Amino acid sequence: MGTHEHDVPVNKAEGGAKPRVRARRFDADRTDEVLELDDALASPPSERQLLWLDITGEMPDDLAPRLAKAFDLDDATAAALATPGQKPSIRINGDSLRITVVAQPDPNHPRRSPWLSVVAVPNAVLTHHLQPIGYLDDLDALVEADTAYGLLDSESFLATLLHATVTSYHHAVDTIEEDVEQLDDRSLRDRHRDRLLEDLVGVRARIADLRRLLARHRFVYSALEGVVMKAPDGDGKGAAALSGVAGHYADAMTAVEGARDLVLGSFNVYMTRTAQRTNDTMKILTLVTVLLLPGSLVAGLLGMNVVVPLSKDDPMSFWFVIIGVGLLAVVITLVARRRGWL
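Computed from a predicted model, the values in this text were never measured in an experiment.

A few points about the packing of helix H5 (residues 154-187) against helix H6 (residues 196-215)
Point 1. In the contact formed by H5 and H6, the axes pass within 11 Å of each other and the chain directions differ by 165°. As far as their axial angle goes, H6 and H5 are roughly antiparallel. For the pair H5 and H6, the sense of crossing is left-handed. Here Tyr169, Ala172, Val173, Ile176, Asp179, Val180, Leu183, Arg186 and Ser187 of H5 come into contact with H6, specifically with Leu196, Asp199, Leu200, Val203, Arg206, Ile207, Leu210 and Leu214.
Point 2. When grouped by side-chain class, the residues that make up the contact of H5 with H6 number twelve nonpolar, one polar and four charged.

So, in structure tokens, the structure goes:
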């Protein structure tokens, strides 16, 4: 069964973006359905059904009141759903739960990551985000065939969404770690080292931004361990699923810390390699100095104002000196190679 998507007219100034709305109703007793928005709002889901309504883009002015009426949302929840904030939050109001989190953080620009607002009510989950979120599309594609989601309560489906959200944090960390490995490879090579230090600093800044972003969610995810909604089935499975999300978030924070340590290790590799190259350069300069030292010594001796055992008028004296200096250079080079200095 394909996903039905449609644009909803926006009552805003001309040129405003039109939202993409998709509605899917999971049914434990029959085939899952992809609904039009009007049909989804007109027929509330039963206790053996679960409705997922996803909105991408700015919400029309008239849609928020319709959602509030259809799902009995209070004014604050409806307003928060209509305009996803830029701050993590969680709010429980009887049998409704509202959460705002960063979804699918951008590994290159964590500060520009999209925000996701989720409202869970009995037998329905509403999601709204201004920017497309890839894993929601993947989840929608995953459940195109009939599934058992109709047997789940809204808490359990919310836990599924939040698990995918935290997994997207892991994906961001994986991307940054791959970049760090490439920088390590460049550090160990003599070529392509231009701007290496700047790139390392840039990766470190990305990890710091991602860590700060995730740290802001600590209260939200830790609060999930104590969330209890008035679910229709009352079996507590949804609450247990939400508690599992908190542990998954802790793993994500650990992964970010590990990525930060990995960058520090890359700095050590870079500094070690730089020190090694400096030592190699100094070794060559020292050897050149030692090779030139005999010639300088001989030239100094021959230039003394004393009688030397070589005739200054014989041209062969010059070649004797050159050959002697050359032999000394060869001997010094052989000794250096034998001692492992080269």
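After that view, the rundown keeps rolling.
Some points on the environment of proline 60
Point 1. Mapping proline 60 onto the fold places it in the loop between strand S4 (49-56) and helix H2 (63-71).
Point 2. Between the C-alpha atoms of proline 60 and alanine 82, which are 22 residues apart in sequence, the distance is 8.3 Å.

So, the environment of glycine 295
Point 1. Locating glycine 295 in the fold gives a position in helix H8 (residues 237-302).
Point 2. In this structure glycine 295 comes out as partly exposed when scored by relative accessible area, which is 23%.
Point 3. The spatial distance from the C-alpha of glycine 295 to the C-alpha of isoleucine 322 is 8.2 Å, given a sequence separation of 27 residues.

About the cut-offs
- Residues numbered from 1 in each chain as written.
- Predicted model: local features only at pLDDT ≥ 70, side-chain atom pairs only at ≥ 80, totals over all residues.
- Heavy atoms only, no water.
- Axes fitted to C-alpha atoms, helices over the stretch in contact; angles between N-to-C directions.
- Helix = DSSP H or I, 4+ residues; strand = E, 2+ residues; numbered from the N terminus.
- Parallel < 35°, antiparallel > 145°, perpendicular 65-115°, else oblique.
- Left-handed = near helix turned anticlockwise from the far one by under 90°.
- Contact = heavy atoms within 4.5 Å.
- Nonpolar A, V, L, I, M, F, W, Y, C, P; charged D, E, K, R; others polar.
- Buried < 20%, exposed > 50% of the residue type's maximum accessible area, 1.4 Å probe, protein only.

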